[in-house]
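Report on the structure
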Amino acid sequence: MSNNLPHFDVLPQHIAFIMDGNGRWAKQRGLERSEGHKAGAKTFRRITEYCADIGIKYVTFYAFSTENWNRPKNEVQALMKIFKEYLLEADDRERENDIRQSRIRFIGEREGLPQDLIKLIEKAERKSKKYSKITVNVALNYGGRAEITHAVKEIVSKVQKGEILIDEISEQTISDNIYTAGQPDPDIIVRPSGEFRLSNFLQWQSAYSEFWFSDVLWPDFTEENVNDIINDFQKRNRRFGGV
Ligand code: IPE
Ligand code: IPE
Ligand code: MG
């Protein structure tokens, strides 16, 4: 396919993608923003499949932030419809899911999402629970600060119940009470569309993540870009505060 194929023997364990630029992609083509989101959903499927095929163990995709509720009502509705359609389709692709062995998980607050979407989310999580080749996290109604706030409440409640002592609270306790509990932190966070910010994504988990930025708009994101990310990642020197 390409001449930039990386060595697949030293892969990042976890890549996180901020799927940004759908609106601008649509605007460039004189289309409605919702058309950009539809194109972005296709890219999401393609990139997930590629990551699974090359052997990445964890991927996380930022699909809808706690701040994205501030968008016009019709855009929010269009997005919720796309999420539902994706889940209905995935449910139909049983054989394919079986081949890819991918486990899907949703991170973020369920509260606030439409009831029928919550049902589909629960079904997809339940049905794919048995798979472990790749874990696909979809961050939906997700905010990094909301996640930490949620963890604080969980921990305080455990303290109140006497399940843990204040002195026992460690960084690990926080990691164990956020949505991604049990998963490795992202090795690299990818933001396309020319923006250089996290926008409330994986605030806690990103402490030592590498970053990869590009002007490419999410619907135009390709497998080649994933190869570039891996190639770049393999050249990074991660010191974690050491020498
Ligand atoms: C990302 O694309 C999708 C979501 C935030 C849901 P945008 O809709 O933010 O696209 P731009 O940034 O306006 O181009
Ligand atoms: C981040 O993109 C959220 C998602 C991609 C789901 P935004 O477009 O919402 O971020 P800002 O507003 O440009 O920071
Ligand atoms: Mg955006």
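Definitions and cut-offs
All residue numbers refer to position in the chain's written sequence, counted from 1. Written order determines the labels here, with chains lettered from A and ligands numbered from 1. Local features are withheld for residues below a pLDDT of 70 in this predicted model, meaning they are given only at 70 or higher, and side-chain atom pairs are given and counted only at 80 or more; totals for whole chains, interfaces and linings count all residues. Side-chain measures were taken over the full set of non-hydrogen atoms in the model, leaving aside hydrogen atoms and water. We define a salt bridge as a contact between a side-chain nitrogen of Lys or Arg and a carboxyl oxygen of Asp or Glu at a distance within 4 Å. In DSSP terms, a helix is any run of H or I states spanning at least four residues, a strand is any run of E spanning at least two, and both are numbered starting from the N terminus. Any residue with a heavy atom positioned within 4 Å of a molecule or strand is treated as near that molecule or strand. Two N or O atoms count as a polar contact when they lie within 3.5 Å, although within protein this holds only if one can serve as hydrogen donor and the other as acceptor, and sequence-adjacent residues are included solely when both atoms are side-chain atoms. All accessible-area figures derive from a Shrake-Rupley calculation using a 1.4 Å probe, and residue coverage is judged against the displayed protein chains alone. When two rings of Phe, Tyr or Trp (its six-membered ring) have centres within 6.5 Å they constitute a pair, described as stacked for plane angles under 30 degrees, edge-to-face for angles over 60, and tilted for the intermediate range. Three exposure classes are used, based on accessible area relative to the maximum for each residue type with a 1.4 Å probe and protein chains only: buried under 20%, partly exposed in between, and exposed over 50%. Axis definition: a line fitted to C-alpha atoms, limited for helices to the stretch in contact. Angles are taken between N-to-C directions and run from 0 to 180 degrees. To sort the angles, those under 35 degrees are grouped as roughly parallel, those over 145 as roughly antiparallel, those from 65 to 115 as roughly perpendicular, and the leftovers as oblique. Should the near helix be turned anticlockwise from the far one by less than a right angle, the crossing is left-handed, and should it be turned clockwise, the crossing is right-handed. Any two residues having at least one pair of non-hydrogen atoms within 4.5 Å are treated as being in contact. As a working rule, the residues Ala, Val, Leu, Ile, Met, Phe, Trp, Tyr, Cys and Pro are called nonpolar, Asp, Glu, Lys and Arg charged, and the rest polar, with Gly in that last group. Expected span, for any helix, means 1.5 Å times one less than how many residues it has.

Structural notes on the pattern of salt bridges
Following the criterion strictly, the structure yields 25 salt bridges and no others. For Arg100, the salt bridge identified is with Glu96, shortest N-O distance 3.9 Å. On the criterion of helical spacing, the pair formed by Arg100 and Glu96 is a turn pair, its members being four residues apart in helix α4 (residues 94-100). We note a salt bridge from Asp187 to Arg238, for which the minimum N-O separation is 3.0 Å. Note that Asp187 is positioned in the loop between α7 (171-176) and β5 (188-191) and Arg238 in the segment after α8 (223-235), a separation of 51 residues in sequence.

Regarding the site of ligand 2
In the neighbourhood of ligand 2, the contacting residues comprise Ile18, Met19, Asp20, Tyr62, Ala63, Phe64, Asn68, Arg71, Arg191, Arg197 and Ser199. A distance of 3.4 Å separates an oxygen atom of ligand 2 from a polar atom in the side chain of Arg191. Within the side chain of Ser199, one N or O atom sits 2.6 Å away from an oxygen atom of ligand 2. Relative to its unbound accessible surface of 390 Å², ligand 2 loses 78% to contact with the protein.

Comments concerning the packing of aromatic side chains
Geometrically, a pair of aromatic rings is defined through the distance of the ring centres and the angle of the planes. The final tally for this structure, using the stated rule, is 17 aromatic pairs. Each ring, one from Phe17 and one from Phe61, has its centre 4.9 Å from the other, and the planes form 10°; the classification is stacked. Placement of the pair is Phe17 in strand β1 (residues 14-18) and Phe61 in strand β2 (residues 58-65), with a sequence separation of 44 residues. Comparing Phe17 with Phe61, the two get one shared label, buried. Following the ring pairs from residue to residue traces out a cluster consisting of Phe17, Phe44, Phe61, Tyr86, Trp212, Trp218 and Phe221.

Quick word on the side chain of Asn141
With respect to the helices and strands, Asn141 occurs in strand β4 (residues 134-142). Polar contacts involving the side chain of Asn141 include one to the side chain of Trp69, which spans 2.9 Å.

Regarding the packing of helix α2 (residues 33-54) against helix α3 (residues 73-92)
At their nearest, the axes of α2 and α3 sit 10 Å apart, and the two run at 30° to each other. Taken together, the axis directions place α2 and α3 in an arrangement best described as roughly parallel. You can see that α2 and α3 cross each other, and the crossing is right-handed. Contact with α2, carried on its side by Arg33, Ser34, His37, Lys38, Ala41, Phe44 and Arg45, involves Glu75, Ala78, Leu79, Ile82, Tyr86 and Glu89 of α3 and no other residues of that element. Among the residues making up the contact of α2 with α3, the classes are represented as six nonpolar, two polar and five charged.

Side note on α3
Taking 1.5 Å per residue, 20 residues should reach 28 Å; α3 reaches 29 Å between its end C-alpha atoms and fits that length. Turning to α3, its buried residues are Glu75, Val76, Ala78, Leu79, Met80, Ile82, Phe83, Tyr86, Leu87 and Ala90.

Digging into the site of ligand 1
Around ligand 1 lies a shell of 13 residues, among which Met19, Gly23, Arg24, Arg33 and Arg71 are the nearest. Separating an oxygen atom of ligand 1 from a backbone N or O atom of Gly21 is a distance of 3.4 Å. Here an oxygen atom of ligand 1 sits 3.1 Å away from a polar atom, N or O, in the main chain of Asn22. The fraction of the free accessible surface of ligand 1 (380 Å²) that becomes covered by protein chains is 88%. Those elements that provide at least two residues to the shell around ligand 1 are α1 (22-28), α2 and α3. In terms of residue count, α1 provides more of the shell around ligand 1 than any other element does, three residues in total. Grouping the amino acids of the shell around ligand 1 by side-chain chemistry returns three nonpolar, five polar and five charged.

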